[in-house]
Structures are given as C-alpha cells and as structure tokens.
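Survey of secondary and tertiary structure
One letter stands for each residue in the lines below.
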Amino acid sequence: MFRINYLRLGILVKFVISCVSILSVGYGSTELKSTFLMQQETQWLIQALEKAHYKKVSIDELNSTKCLNSYLVKLDKQKLFFTQQEVNNFYINYSPTLKTLFKQGNLLPGFEIYNSYRTNAIKRLSWALNWLEKDLKFDGNLSYNTNRNEKKWDTSEDQLISSWKSLVKHEVLSDIVSNIDANTSDVSINSNEILNVVRESKERVKKRYERWIKNIKEFESTDVQELYLTNLTQMFDPHTTFMNIKEKEKFDQSMNNELVGIGAVLSDVDGFCTIKELLPGGPAEASLELNPEDIILKVAQSEGNFTDVVDMKLSKIVELIKGPKDTLVRLEIRPISDPSSSKVIRIIRDKIKLTSNLAKASVHKVQHNEHSTKIGIVELRSFYGSSGNGPKATDDVEELITKLKNLDVEGIILDLRRNGGGYLSEAVNLAGLFISRGPVVQVKSTDGKIRKKFDFNPKLSWNGPLIVLVSRYSASASEIVAGALKNHKRAIIVGDESTHGKGTVQSLIQMNLPYNYNASSSKKSAAKITIQKYYLPSGNSTQINGVKSDISMPTINNFLPIGESDLDNALPCDSIPAVNFRRPVNEFVYKSHNIEKLKKHSLERQSILPEFSYLNRYVDWYKEKRNEDIVSLNFEKRIQEKKLDYNFTTQLDDQLEQLAEISFKKKDFTLDIVQSQNLKSKQIRGDKEGNSTDFYYDPPRLDIRLHESCRIMADWITLLDDKNLPPNRLELSKEI
C-alpha cells in the first residue's frame with residue numbers, strides 16, 4: 001500500500017474530467033449517473049475508512065440525516081434552489097437506507113439529489129435571466145439578507161421566488177453602486193448617466209448568471225462522486241477526503257511543485273481559453289510564439305486532428321494540452337498582436353518546475369538604536385517535497401540560510417504566515433536546521449501507540465536569534481515547526497494570537513485490489529484519511545488550540561471562521577506525556593525574562609505608533625462591516641453608505657501609503673534553481689538587464705507585522721549584547 005504522511009490545510013480545487021453517461025432532462029440539462037468503477041471505489045473507500053481512520057470509525061455509526069443535510073448545504077448553502085418540502089422528501093426517501101447503500105457502493109442518493117439541484121438551479125437562473133429584463137425599482141424600504149446560511153429553506157415556491165427577486169435586485173444594485181464614482185455630488189437613479197450604468201450592470205449580472213448555468217452544465221459525474229464521497233468522509237473529520245484519479249494527479253503536482261506540460265497559465269475568459277502567464281524557462285516561453293492574452297482556439301496531439309476548444313470546460317482543455325514529456329502538442333491560437341488572424345504553434349512538452357511557491361528570502365536593514373542591523377527573512381509557503389530529485393522545503397531553506405549568513409545577518413525570521421502545511425517529514429527535517437538534536441513531534445496512532453520523531457542530525461544551519469512569524473493560516477506542519485521550536489526555547493513566536501489548530505496527520509492511500517480491476521494502470525484513485533494525531537515534545541496537542549504566540553498583534557483573522565475550531569466534526573484536543581530530553585550546552589536558547597521585555601516593548605510600540613493606529617482602525621471597521629448582514633435595496637441609501645465607506649477607506653489607504661515611508665530597505669534572494677530558470681527566461685526573451693534583486697530598495701508597501709517582527713528581532717539582538725532597550729519614541733516611526 002502506497003502511503004505519504006503529510007499535513008495540509010486547504011480546499012482542493014475540483015476540476016475533474018471523466019467519461020460520463022447522460023440522459024436528457026429539462027432546461028437543457030443532463031442527468032448524471034454513477035458508474036461501475038464508482039461503485040468499486042465507494043466500497044473500497046468504506047473499508048479504507050473503517051480500517052485506517054484514527055477514530056476507528058464504522059459506517060454503521062453514520063448519522064444519515066446529518067450526512068444528507070451536510071450534502072444539501074454544500075449544494076445549496078444560500079438556500080436558493082430547494083424548498084423545505086423538497087429537503088424533507090430527501091430525508092424521507094434516503095435517510096433509512098443511506099448506510100446500506102454506501103456499503104453496497106450505491107451512490108444513488110448523491111446523484112439523484114444532485115440532479116434535482118442541477119434542474120432547480122438552471123430553472124431558477126433561467127427565471128432570473130428573464131426577470132432581469134424587467135424595469136427594476138430601487139426605491140422604498142426593502143432589504144436583503146446576504147447571510148442566508150443559517151436560514152431554513154423557503155417553505156413554498158412563491159417564497160423562493162420572492163427571495164430570488166430580492167437577490168437579483170441586490171446583485172444589480174451592488175453592481176450599479178460599485179460603478180458610480182463616490183465623489184459624484186448629484187446622483188439620481190433617473191438621470192441618463194445612471195440609467196446607462198443600470199443597463200450595463202444588468203448586462204454584467206446577466207453574463208454572471210449565464211456563466212453560472214454553464215458551470216453547472218459542465219459539472220460531471222466524477223465531480224458529483226467526489227463531492228458526495230468527500231461529504232461522507234468529512235462526517236468523521238474535516239480533513240479526510242476522497243480523490244479520484246484526476247484529483248490525485250493534481251494533488252501530487254501541488255505537493256511536488258512540478259508538472260509535465262507547456263508552461264502556461266490558462267484562464268477562461270467568456271468561453272475563450274486565454275493565456276494569462278508564461279512560466280519562466282518553460283516550452284511555451286521558449287517557443288517565442290506565445291504571449292499573455294493570446295487565445296487558444298484548437299488543440300491537436302502530435303500530427304493528429306485538431307479539437308475545437310472554444311466554450312470547452314477549462315479543465316478539459318488543460319488535459320488536452322498536458323501529456324507525456326518530449327511529446328508534441330499543436331495549438332491553433334488567435335494572437336493578441338493580431339486578433340483578426342490565427343496561426344499554429346508546435347510545442348514539445350517538458351517537465352516544468354513550479355518555482356513561484358518555492359522558499360524565498362530577503363535581507364532587511366533595520367535602523368535601530370542609532371545603527372543598522374541586518375535581519376534575514378525566509379518565507380516558506382508550504383512544506384513541499386519530492387521522492388526523487390525535485391525540490392524539498394528543507395534543502396531550499398538551508399540554501400537560503402547559507403546565503404543570508406554570507407551577508408552577516410544577525411537574526412532570522414521564518415515567515416510561515418501563509419503556510420498551510422505539507423509533508424510531515426519535511427517539518428521534522430526543517431525544525432532540525434535550528435536544533436542540533438532532540439524531539440520534534442510525537443505521533444499517536446489509532447492503536448494508542450506513541451511514536452517520537454527526533455532530529456538526530458547534529459548539524460545546525462542557524463544557531464542565532466530566531467523568530468517564527470505565524471497567522472491563523474499557519475497550519476499542520478507549520479504548527480509542528482513553530483511548536484517544537486517554542487518547546488525547545490529556540491524561537492520566539494510572533495503574529496496572530498494563535499495558529500490554525502490542525503493537529504492531525506493524514507495518509508494518502510491508493511485504491512488497491514480486489515477493487516481496482518484496472519490494476520495494470522499506474523493511475524488510481526485514493527483516499528486522504530486521518531490516521532494519527534500529533535503532539536509537541538511537551539505533550540500538548542495543537543488540535544483546536546494551535547500554537548500560541550509569545551507576542552501578538554491586532555488582526556482581522558481573529559474574527560474570521562478560518563480555524564480548526566470553525567470546522568464541523570473536528571477531532572477534540574487532548575494531551576500525552578512529555579518527552580524527556582537534554583539540551584546540548586552550546587545550542588542557542590532564549591531566556592524567558594527576555595521575552596517578557598520584548599513583549600512589553602512591542603506592546604508599547606503598538607500603543608503609540610501610527611501603523612498600529614491604522615491597523616486598529618482597519619480591524620474595528622472590518623468587524624463592524626462583517627456584522628452587517630442586512631443591506632438596503634434603496635439606491636439613494638446605498639449611495640450614501642458608499643460615500644461614507646469610501647471616505648473612510650480612502651483615509652485608510654492614504655495612511656497606509658504614507659506608512660510605506662518607514663519600511664526598512666530590503667534586498668531579495670531566490671534559490672539557485674529559480675535564478676537559473678529566470679536567467680534562461682531572460683536569454684529566451686533577449687533581456688540583457690541585470691538582476692533586479694542585486695540591490696537594496698524601499699518596499700512600495702508597509703508589511704506592518706513583518707516590520708514589527710524586525711523591530712522585535714533588533715530589540716532581542718540588543719538584549720543579547722547585554723544592553724538595555726532604548727525607550728520607544730514616536731519619532732522612530734517618522735511620524736506622518
């Protein structure tokens with residue numbers, strides 16, 4: 001059985017392609033059906049769940065009504081497509097037999113409910129398109145509740161139509177208001193200028209609904225299967241999911257940061273497959289015949305016939321263009337330079353390194369206590385890895401640390417604010433860059449056995465002051481690293497009050513015999529199943545609670561539903577015994593009393609400096625706006641609200657723009673592989689300009705939390721030199 005232990009936060013984007021069987025139904029839709037392979041995959045999934053899941057789950061323990069409700073909410077979260085009677089009928093028809101059907105591999109409820117949703121959605125949206133043609137009035141005292149998540153489904157067709165009327169008016173009015181200059185002094189809904197805006201807004205909303213219908217019609221049987229089976233797995237915990245073959249391939253690509261293709265980022269623009277970006281050094285760029293905004297009209301494999309891809313689902317186009325390494329793909333394009341013409345491009349597919357998500361670094365010159373301190377920043381957005389010679393997070397961070405040390409930085413900040421996780425092995429190895437030896441994480445399996453994972457490599461890449469910068473988006477592997485370094489008293493944790501709170505380990509298990517009748521194929525579906533919980537060396541779990549920051553700053557993240565505690569069916573937090581270990585004498589550790597001094601000094605700055613005044617104003621404004629679920633459908637009232645919001649946000653934007661003046665000068669660094677790829681790209685384009693990262697520059701925008709983290713590091717370095725911290729002064733921030 002093939003397994004990869006990894007930890008990751010995020011929602012997998014579902015662009016799945018498969019052959020489907022269809023039957024014609026009303027409103028130009030198609031009825032989607034399950035296949036024999038799906039039946040086999042479902043039976044395998046049930047057994048995999050019951051044998052491997054941490055909670056020792058049984059399908060017999062499934063709450064059928066809760067499972068159906070969760071599926072219905074995933075389809076109709078805003079309660080716009082079903083009536084309460086339809087929902088009740090689903091419960092009556094499917095709840096009694098749901099568990100039996102799952103055991104049989106029968107996905108009938110999932111497909112029948114989806115087909116009902118599909119029919120209803122196209123019907124409602126078609127009605128809305130017709131209603132858009134009417135003369136909509138935006139006076140009176142009507143309002144719309146934008147948060148229908150907690151509402152019950154409407155009880156009748158008439159009530160649902162009334163909800164749709166309010167929704168359409170709300171979307172049209174919102175578009176109208178967004179396209180009117182807030183500085184306009186005299187705005188009348190009946191003026192010719194505004195009537196033109198109304199017509200344009202209705203047209204934009206119309207196109208939005210037409211795209212919505214198109215997306216619904218393009219949803220395929222494998223999409224329904226993935227949605228329905230993942231809904232089942234998430235009844236046991238939020239991180240257990242089902243992946244069909246295509247989704248498994250996409251997962252591997254994201255974790256390995258490489259793929260085989262032409263090296264172009266594609267987007268659907270009004271039914272046309274449009275090139276948005278050429279990846280540096282890729283075959284598409286090397287052809288010198290493709291440019292951003294070129295439109296792909298047709299695709300052919302080698303010397304075969306062309307396939308017209310206009311109005312084709314984007315994921316299907318991607319699959320046509322991708323293929324084995326060193327094979328030919330031909331594209332017929334409409335070049336942006338001459339839209340009236342078309343031409344055929346021949347490209348040989350190659351392996352593409354996805355370098356945009358790799359680790360990167362910078363050096364900041366921090367002006368502090370009347371002298372300049374060099375502080376290195378390493379930004380890591382995932383704990384990526386590869387079983388072969390591909391990029392690994394630990395190796396890349398070690399390379400960047402070496403570059404920073406060569407510039408004589410005095411402290412390093414590891415920025416994990418946007419890091420949702422990755423491979424468990426990379427988390428252990430990366431923590432080992434900062435400790436000479438010792439425990440990093442404890443892992444408890446479903447059998448109750450606890451396995452301790454140590455760093456045994458005595459090599460230290462950095463043995464100086466270290467800050468780990470985190471946010472509520474820092475999850476899983478990020479929390480292991482932050483928590484372990486905190487337990488070792490090796491790093492100070494700075495950022496949001498706590499990290500995400502995901503303390504579980506998933507294993508990727510591929511479908512195997514006897515269920516996989518196509519055993520000769522290397523492509524198989526898989527399940528990502530929670531098999532373990534992890535604990536810090538202290539024995540504490542990060543599950544739900546996350547890793548607490550030693551020094552925190554104001555943030556809107558505290559008010560967003562983005563933590564583990566906000567997810568349904570999250571496993572509870574608990575603890576196990578701590579690991580006993582001895583620290584090497586020569587290893588850098590922080591002194592607890594220094595943290596208290598640093599925290600006090602930072603909080604003083606947060607109370608007097610203008611950047612924190614800005615931050616607090618923004619957080620307060622955001623909290624207020626987030627609680628406003630009821631919006632007026634009155635044009636004049638919405639215009640007045642917009643003017644008030646515009647005046648306030650303009651003040652905030654102006655303040656943030658001025659704050660850029662206090663940013664510390666920085667110099668950027670990239671990995672050798674990125675430099676090589678960028679150099680290759682410049683040679684292809686004939687660009688002879690030097691590397692723009694070879695000098696220090698003023699950042700165009702102030703990153704307040706990183707800026708303060710640099711100040712904290714500079715304070716820490718001062719304390720390590722046995723000096724007293726200077727008093728915080730407003731002048732230090734170049735008052736504006």
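As the structure is a computational prediction, the values presented were derived from the model and not from experiment.

In this structure, L62, F102, I113, W164, V168, Y209 and F635 are the most contacted members of the largest nonpolar core, which totals 75 residues. With ten residues, the top contributor of residues to this core is helix α5 (residues 108–131). Contacts of I113, omitting those with residues within four sequence positions, involve L68, Y71, L72, L75, F82, F90 and Y94. Listed in part, the 47 residues of the second largest apolar core include V378, F383, L407 and A491.

With six of its seven residues buried, strand β11 (residues 328–334) lies for the most part within the structure. Note: strand β9 (residues 295–301) against β11, six bridges, orientation antiparallel. By the bridge assignment, A300 is partnered in β11 with R330. For β11 and strand β12 (residues 343–348), the ladder comprises six bridges, and the chain directions are antiparallel. Directly across from V329, in β12, lies its bridge partner I347.

The final tally for this structure, using the stated rule, is 18 aromatic pairs. Measuring from centroid to centroid gives 6.5 Å for W164 and Y209, while their planes differ by 75 degrees, and the two rings are edge-to-face. Taken together, the residues span a long stretch of sequence, with W164 in helix α6 (residues 157–178) and Y209 in helix α7 (residues 192–218) at a distance of 45 residues. Seen from the ring of W153, K79 lies directly overhead, with NZ or CZ sitting 5.0 Å from the centre. A cation sits over an aromatic face here: K365 above Y696, 4.2 Å from the ring centre.

Moving on, we come to α7. Taking 1.5 Å as the rise per residue, α7 with 27 residues should run 39 Å; its terminal C-alpha atoms sit 39 Å apart, in good agreement. Within α7, burial applies to I194, V197, V198, S201, K202, V205, Y209, I213, I216 and E218. Close packing links the buried residues of α7 with α5, α6, α8 (221–233) and α17 (635–659).

Side chains three or four residues apart in an α-helix point the same way, a direct result of the helix having 3.6 residues per turn. With nine of eleven residues buried, helix α14 (residues 477–487) lies mostly within the body of the structure. Of the residues making up α14, those classed as buried are A477, S478, E479, I480, V481, A482, G483, A484 and L485. Once α14 finishes, K489 follows within two positions and takes phi at roughly 55 degrees, a positive value.

Right, let's get into the pattern of salt bridges. All told, the structure shown has 35 salt bridges when counted by the stated rule. In this structure, D175 and R208 form a salt bridge, with 3.7 Å as the shortest nitrogen-oxygen distance. Of the two residues, D175 sits in helix α6 while R208 sits in helix α7, which places them 33 residues apart along the sequence. Owing to a relative accessible area of 33%, R208 belongs among the partly exposed residues under this scheme. E708 is the salt-bridge partner of R711, the closest N and O atoms lying 2.8 Å from each other. Here E708 and R711 lie together in helix α19 (residues 704–720), a separation of three residues that amounts to about one turn. Salt bridges linked by common partners bring R605, E611, E708, R711 and D715 together as one network.

Here the focus is the sheet that holds strand β21 (residues 492–495). Across the sheet, which stays open at both edges, the seven strands sit in the order β24-β21-β20-β16-β15-β14-β26 with mixed pairing between neighbours. Where the open sheet ends on each side, the last strands, each with one partner, are β24 (551–552) and β26 (665–669). Bridge count for strand β14 (residues 360–368) against β26 is five bridges, and the pairing is antiparallel. From the neighbouring strand, A361 faces β26, where its bridge partner is F669.

It is worth spelling out the confidence of the model for the chain at this point. Overall, the prediction assigns the chain a mean pLDDT of 88, with 92% of residues at 70 or greater. Here residues 731–736 scores under 50 on pLDDT; set against residues more than four positions off or in separate chains, the count is twelve contacts.

Okay, the environment of F612 next. Along the chain, the position of F612 falls in helix α16 (residues 610–626). Owing to a relative accessible area of 0%, F612 belongs among the buried residues under this scheme. For the pair formed by F612 and P554, sequence separation is 58 residues and the distance between their alpha carbons is 8.0 Å. Apart from residues no more than four positions distant in its own chain, F612 is found in contact with M553, P554, R605, Q606, I704, E708 and R711.

Criteria and thresholds
Residues numbered from 1 in each chain as written. Predicted model: local features only at pLDDT ≥ 70, side-chain atom pairs only at ≥ 80, totals over all residues. Heavy atoms only, no water. Core = buried A, V, L, I, M, F, W, Y, C linked by side-chain atoms within 4.5 Å. Buried < 20%, exposed > 50% of the residue type's maximum accessible area, 1.4 Å probe, protein only. Helix = DSSP H or I, 4+ residues; strand = E, 2+ residues; numbered from the N terminus. Contact = heavy atoms within 4.5 Å. Pairing = 2+ DSSP bridges. Phe/Tyr/Trp six-rings, centres within 6.5 Å; stacked < 30°, edge-to-face > 60°. Lys NZ or Arg CZ within 6 Å of the ring centre and 35° of its normal. Expected span 1.5 Å × (residues − 1). Salt bridge = Lys/Arg side-chain N within 4 Å of Asp/Glu carboxyl O. pLDDT = per-residue confidence, 0-100.

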